[in-house]
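Coordinate inspection notes
Listed below are the residues making up each chain.
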Amino acid sequence: MIKKTLIMTPKLGLHAKPAGMFVRESCRFQSEIMLCKDGTEVNGKSVMQLMLLAAECGAKVILCITGPDEVEALAAIEQLFVRKFDEE
Amino acid sequence: MIIIKGVGASPGIAIGKAYVLEDEEIVVTRTEIPRDRLRAEVARFRAAQKATHRDLDNAEAKVLKLLGKNHAKLIDAHRLILRDTLITKDVPQRILGEGVNAEFALSEALEAVNQQFEKLEDEFFRERRHDLFDVGKRLLAHLLKHTRRSLGDIDHPCVLIARNLLPSDTINLKESRILGFATDLGGKTSHTAILAQSLEIPAVVGLSDVSRRVKSGDMVILDGEQGLVIISPTAEAVAKYEKAQAQEVKAERELESLKGLPAVTLDDKRFQLEVNLDTPEEMKSVLALQVDGIGLFRTEYLYLNRTTSPTEEEQTKAYMAVAKAMAPRPVVIRTADIGGDRLTQMGIEGPKNETNPFMGLRGVRLFLRHLDLFKTQLRAILRATVKGNVKIMIPMVSAVAEVQAVRRLLAQAVAELQAEGVETPKNVELGIMVEIPSAAVLLDAFLPHCDFVSVGTNDLIQYTLAVDRVNENVTHLYDPFHPAVLRLIQHVVTVAHRAGKWVGVCGEMTSDPHAVPLLVGMGCDSLSISPRMFLRVKETVRNLRAAVMAKLVAKAVTCSDSEEIRRLMREQGL
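Residue numbers restart at each chain and count upward from 1, following the sequence in its written direction. Lettering of chains starts at A and numbering of ligands starts at 1, both following the order in which they are written. It should be noted that, the model being predicted, local features are given only for residues of pLDDT at least 70 and side-chain atom pairs only at 80 or more, the latter also being counted only at that level, while totals for whole chains, interfaces and linings use all residues. Hydrogens and water molecules were not included; the side-chain quantities draw on all heavy atoms of the structure.

With that out of the way, let us pick up the overall build of chain B. Helix and strand definitions here come from DSSP, where helices need a minimum of 4 consecutive H or I residues and strands a minimum of 2 consecutive E residues; each element is numbered from the N-terminal end. Across its full length, chain B carries 24 helices and 16 strands. Burial classes: relative accessible area under 20% of the type maximum marks a residue as buried, over 50% as exposed, and values in between as partly exposed (1.4 Å probe, protein chains only). In chain B, buried positions account for 54% of the 574 residues. Should any heavy atoms of two residues lie within 4.5 Å, those residues are considered in contact. When contacts within chain B are restricted to residue pairs at least 6 apart in sequence, those whose partners lie at least 24 apart make up 68%. Carbon together with sulfur atoms contributes 50% to the accessible area of chain B, which is approximately 25900 Å² in total. Only the protein chains shown count as cover for residues, and the accessible areas themselves come from Shrake-Rupley with a 1.4 Å probe.

Written as structure tokens, this is what we have:
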């Protein structure tokens, strides 16, 4: 399992659009992908659960990935954060 | 006449007859399904899901065409909601487990999630549940073979009134002939509000019961700026708003007509009118404004919210794009003005928990401690210079030695790039931000080491008056019209001009049409304005006489407080 702390980059936090992008990216990988904020952990492949995490811009979230392609999955999702979820 | 106050979601005025979209109260009843027909019930649900997928495909195509790729991502998120285990697993489980109809199972599943949203403290995230309802409503409509009334059926211009508008409804608004809309529910940050702003449709939300108080055909006025809905307005109110509407259009058109005209005063003194750029994404609107240059390209955005520092390649690409788009007009790139907290986020050892970060290790102070980061940025800027007219500006300079150190580092970067065979100019203009009083007072000592100066008014005011702008106990003391501030700026202009160097001003003072006359009177060469205020400031400059303003400044700097200065300006009709 690998873990990484990330800072939420979308201006309005993890709302529908960025959550959707997160799921699109997660579902490309076999590994189990969990996202954790303030002790609440949700499935990174469920858009509803991600939205319920209520992760605002600047919030610290922990990404936990377990599985055969965990390294690739981490790199791909981290890229989303760096690209600020391609916001305009 | 009744006036209801709500939340202005999208600015503008709409006047017209109301069209009330009756709330589609879809009544869901619980029906028990015989065991042998449960499989068929699940299949019926799956069919509705498929039909909803088709709806979303159509909606996506429409949004792509109307609003572009970024907004289309919302529809993709809706597609993922439809595919979420909540819907794909939970609903069939409820049908099979409880032996109930699909409609009931779905509404129960939606309600369970709604309750979780209700618990969220953050209003913005609580509002996100409308995305779920949007998908849920589409599904229910298919299950009930309910054909939703389409807004496209509206054939005359009208003001739409509804209990709630789902994002998918809003998308259809542009094609229909809707002047504006008002809803009972919703907040400023809901998708519906954001879409209304992008579509430039006036909108007021959060009116609680407007949909019950207005009947179709009633005359209404919608004020998207103030967040008001006026039902059955008096003739005077209509006349007043019609006038305001016409003025809005006229003012907009007048400002538009200033595009491309020089920023020259009535007595023929020309000013360089530039804009501040926070991220390259704003370039499209900046280019449309036909500005004289970028007076302050803030590069902090490159360092924000990330776990690694930006590479030379990444930076070069960003700077080149801006330089190329503006060429031959100048682009002043300011090296990053970041504090120590940014470094720690990027995994670099930096100062933590400074008690006074505004007076701490930030700007050039920080970069002179992290020469690798500094040199990477300087190299990227140097590489971008070949694409246009690029200048470099250093923030937070308080001592001459700092400028000398930057000069040395810059020379080193040039030598390195040349040795590597990278095309770079021999000479690139280097300027300093004058935002710390010591740099303003001692400017003559700094000038031999730099090519230009730019007054950063926000910090100069903050440091001169010792006022932390975010401290509510002292914000009232933050005063751009303080005579001490004006004297300092005037001193900078006089000393720099004596040495033959040009002076720019950036910061919020340039975007305040009341302060601009003073800057014009002092003879600043260029003003860097926030894009939003650019045309308005140009209008101000074009209506001034520089010689008269110079006399005004001469008087202003002898005043003992800002009230006296404001009075002087009022006397001149400014």
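Structure's up, so let's keep going.
Throughout this description, the term salt bridge denotes a Lys or Arg side-chain nitrogen within 4 Å of a carboxyl oxygen of Asp or Glu. Taken as a whole and assessed by the stated rule, the structure comprises 35 salt bridges over all chains. Measuring nitrogen to oxygen at the nearest pair gives 3.5 Å for the salt bridge that ties Lys-37 of chain A to Glu-56 of chain A. Taken together, the residues span a long stretch of sequence, with Lys-37 of chain A in strand E2 (residues 32-37) and Glu-56 of chain A in the loop between helix H2 (47-52) and strand E4 (60-66) at a distance of 19 residues. With relative accessibility at 34%, the residue Glu-56 of chain A sits in the partly exposed group. Among the salt bridges present, the one from Arg-44 of chain B reaches Glu-41 of chain B, with a minimum N-O distance of 2.8 Å. Taken together, the residues span about one helical turn, with Arg-44 of chain B and Glu-41 of chain B both in helix H1 (residues 38-67) at a distance of three residues. Overall, the relative accessible area of 32% leaves Arg-44 of chain B in the partly exposed class. Residues joined by salt bridges that share partners form a network here, namely Glu-312, Glu-313, Lys-375, Arg-379, Arg-383, Glu-416 and Glu-420 of chain B.

Looking at chain B, pLDDT values average 90 and 96% of them are 70 or higher. Scored as a whole, the predicted complex attains pTM 0.61, and scored at its interfaces, ipTM 0.86. The pLDDT value tells you how sure the predictor is about a given residue, anywhere from 0 up to 100.

This brings us to the interface of chain B and chain A. Counting residues at the interface gives 29 residues for chain B and 32 residues for chain A. Two parts placed together each lose some accessible area under a 1.4 Å probe, and adding up what both lose gives the buried area. Carbon and sulfur atoms make up 65% of the surface buried where chain B meets chain A, a total of about 2600 Å² over both sides. The tally of links between chain B and chain A comes to one salt bridge. Its salt-bridge partner being Asp-76 of chain B, residue Arg-24 of chain A comes within 2.7 Å of it at the nearest N-O pair. N or O atoms closer than or at 3.5 Å make up a polar contact, with two conditions inside protein: a donor-capable atom paired with an acceptor-capable one, and, for residues adjacent in sequence, both atoms drawn from side chains. Run the count over chain B and chain A and you get five residue pairs in polar contact (both at pLDDT 80 or more). Residue type decides the class: Asp, Glu, Lys and Arg count as charged, Ala, Val, Leu, Ile, Met, Phe, Trp, Tyr, Cys and Pro as nonpolar, and the leftover types, Gly among them, as polar. Residues of the side of chain B that touches chain A, tallied by class, amount to 14 nonpolar, six polar and nine charged.

Let us look at the pairing of strand E13 (residues 430-434) of chain B. Residues and elements named next belong to chain B. The buried fraction of E13 amounts to five of the five residues, a majority that puts the element mostly inside the structure. Residues Leu-430, Ile-432 and Val-434 of E13 are buried on one face, and the alternating residues Gly-431 and Met-433, pointing to the opposite face, are buried as well. Strand pairing follows a simple DSSP-based rule, namely that at least 2 bridges must link the two strands. Pairing geometry for strand E12 (residues 389-394) and E13, over three bridges, is parallel. Bridge pairing in E13 links Ile-392 to Leu-430. When the strands point away from the viewer, a crossover counts as right-handed if the path from the first strand over the helix to the second runs clockwise. Once the chain exits E12 it traverses helix H16 (residues 400-419) before rejoining the sheet at E13, and the crossover so formed is right-handed. Pairing of E13 with strand E14 (residues 452-456), which is carried by four bridges, proceeds in the parallel orientation. Note on E14: the bridge partner recorded for Met-433 is Ser-454.

Moving on: the sheet that holds E12 of chain B. By definition, the strands of a sheet pair up through backbone hydrogen bonds, in either a parallel or an antiparallel sense. All names here are of chain B. With parallel pairing, eight strands are arranged side by side around a closed barrel as E9-E10-E11-E12-E13-E14-E15-E16. This sheet shows a mean twist of 25° between the axes of neighbouring strands, independent of strand direction. Summarising the sheet, strand E9 (residues 272-277) and strand E10 (residues 294-298) pair through three bridges and their orientation is parallel. The residue bridging Leu-277 from the neighbouring strand is Phe-297, located in E10. Interaxial angle, 0 to 180 degrees, is taken between N-to-C directions of lines fitted to C-alpha atoms, where a helix line uses only the stretch in contact.

For soluble globular proteins, nonpolar side chains are generally found buried alongside one another. Ranked by size, the top nonpolar core spans 104 residues in total, and within it Ile-294, Phe-297, Tyr-319, Ile-432, Leu-443, Val-453 and Leu-518 of chain B carry the most contacts. An automatic or database domain assignment provides the domain bounds reported here. The residues that make up this core include at least three from each of domain 2 (251-269 + 450-523 + 531-574) and domain 3 (272-428) of chain B. Among residues more than four places away in sequence, those in contact with Ile-432 of chain B are Met-393, Ile-394, Val-397, Val-403, Leu-443, Phe-446, Cys-450, Phe-452, Val-453 and Ser-454 of chain B. To define a nonpolar core, start from buried Ala, Val, Leu, Ile, Met, Phe, Trp, Tyr and Cys residues and group those joined through side-chain atoms within 4.5 Å. Listed in part, the 85 residues of the second largest apolar core include Met-8 of chain A together with Leu-120, Leu-140 and Ile-178 of chain B.

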